[in-house]
Each structure stands twice: as structure tokens, then as C-alpha cells.
Amino acid sequence: MLHHAYDEIYELDNPVPRWFNVLFYGTIVIGAIYMAYNHLGPGLRQDDEYQAEMAEAQAAKLRYLATAANAIDENSVKADAAPATLASGRTIFAENCAVCHGDKGQGMIGPNLTDAYWLHGGDIGHIFKTIKYGVPEKGMVSWEKTLSAKQIAEVSNFILSLKGTDPAGAKDPQGEQHEESGARAPAK
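Computed from a predicted model, the values in this text were never measured in an experiment.

Undergrad: Please clarify how the side chain of Glu74 should be interpreted in this entry.
TA: Structurally, Glu74 is set in the loop between helix 2 (46-68) and helix 3 (83-101). At 3.5 Å, the side chain of Glu74 forms a polar contact with the side chain of Tyr133. When residues no more than four places from it in sequence are discounted, the contact partners of Glu74 are Gly125, Phe128, Lys129, Lys132 and Tyr133.

Structure below.
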């Protein structure tokens, strides 16, 4: 007990536990080392760490976007007339589609792809869906497991670019006429 009292209340002489003092003074030492290393030495300051993390996040975003190209489906595919897209689509068409649709899309076993008449819709979404799922009852296989979504989008855009090319020996029109406004008229 300490020798002073106030209103008959005495203060006990209980020292702070040794483990608490070690912990307390240890955090002071660690703080001093952190300050010396990060603010005076070779370590990164907070704003430098932020810049490094932002660069890492940008690289991760670019990696994701590279893989997100395969997240395309019939609802999200967009028409793209870029020369690189059409060139890639032309190559895929020549390797996979020309056997049934002809080298110029004029139609052989499969329908003519160069006129305005379509059996399953003539916009980019319908073309993508037809290629992706196929039409088994008419002999067209599903390309979903063979081609990536990006490749299907590229060949779909190439097929759109064939409209109006009128190659020699083209097959007669089949299906309904597809107009840009969305109006359709039956084939003759």
C-alpha cells in the first residue's frame, strides 16, 4: 500500500506486468524501425505502394479482358467490321464453313449466306446463335465445343460482310428476307 489516502481510499502498489511492458516498448521499437525503413530508407511509402498496387490491378484487368473475349454470347455479341476481325473470320470460315456454304458463302449443302434471306435470322445475334448451337435437324453441327466464343463472333461478322456480294452460282434464296429495320417478308 502506498502511504497516502483520500477519504479512506488507499492506493495499492501493483506494478504493470512485465509482458505488457515488453509488448508496449516492442511496438515502439517496431514503429521506429518501420519509420526508418519506409520513410528514410529503401522501403515504399504509402503513395508508392498505392501506385504499385494500381499498376498490378491494371495488369490483372488486362489479363481478365483478354479472357473475357470468350464471355461473348448471342445476347452480347456486337457487329464489328474491323479488318482484323473480318480477316480472322474469313480464315475460320474457310477452314470450317466453306465445305457446306461454299468458299464465297454462295451455298452448297448449306444455304446461301450472301443474299438477304435467312432461315434462322439475319442479324448478328441470330447468326451467332445458329453457329454456336447448330441446327441438327438440318445437318448443321454445333460449333460451341470446336470454336471459342470470340471465333464464333469473328465468323459471324464475316458472314454479315458477305451480304450483297452475289457470287456466281449462288444457291436460290431460302427463308425470310431480313431487312435492317427488322421487317421480314417471306421468300418467294
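Next comes the rest of the description.
Undergrad: What's the story with the confidence of the model for the chain in this structure? I'm lost.
TA: Detailed reading of the predicted coordinates is not advisable wherever pLDDT falls low. Overall, the prediction assigns the chain a mean pLDDT of 86, with 93% of residues at 70 or greater. Throughout residues 181-188 the model reports pLDDT below 50, and contacts reaching past four residues in sequence, or to other chains, amount to 16 contacts.

Undergrad: Would you mind showing me how to read the packing of helix 4 (residues 124-133) against helix 5 (residues 149-161) here?
TA: Axis angle and axis distance: for two packed helices, these are the angle between their axes and the distance between the axes, and together they describe the pair. The N-to-C vectors of helix 4 and helix 5 enclose an angle of 125 degrees; their axes lie 9 Å apart at closest approach. Between helix 4 and helix 5, the angle falls in the class oblique. Considering how the two elements wind past one another, helix 4 and helix 5 form a crossing that is right-handed. On helix 5, the residues that touch Ile124, Ile127, Phe128, Ile131 and Lys132 of helix 4 are Ala149, Ile152, Ala153, Val155, Ser156, Asn157, Ile159 and Leu160. Each residue belonging to the contact of helix 4 with helix 5 can be placed in one class, and the counts come to ten nonpolar, two polar and one charged.

Criteria and cut-off values
Residues numbered from 1 in each chain as written. Predicted model: local features only at pLDDT ≥ 70, side-chain atom pairs only at ≥ 80, totals over all residues. Heavy atoms only, no water. Helix = DSSP H or I, 4+ residues; strand = E, 2+ residues; numbered from the N terminus. Polar contact = N/O pair within 3.5 Å; in protein donor to acceptor, adjacent residues only side chain to side chain. Contact = heavy atoms within 4.5 Å. pLDDT = per-residue confidence, 0-100. Axes fitted to C-alpha atoms, helices over the stretch in contact; angles between N-to-C directions. Parallel < 35°, antiparallel > 145°, perpendicular 65-115°, else oblique. Left-handed = near helix turned anticlockwise from the far one by under 90°. Nonpolar A, V, L, I, M, F, W, Y, C, P; charged D, E, K, R; others polar.

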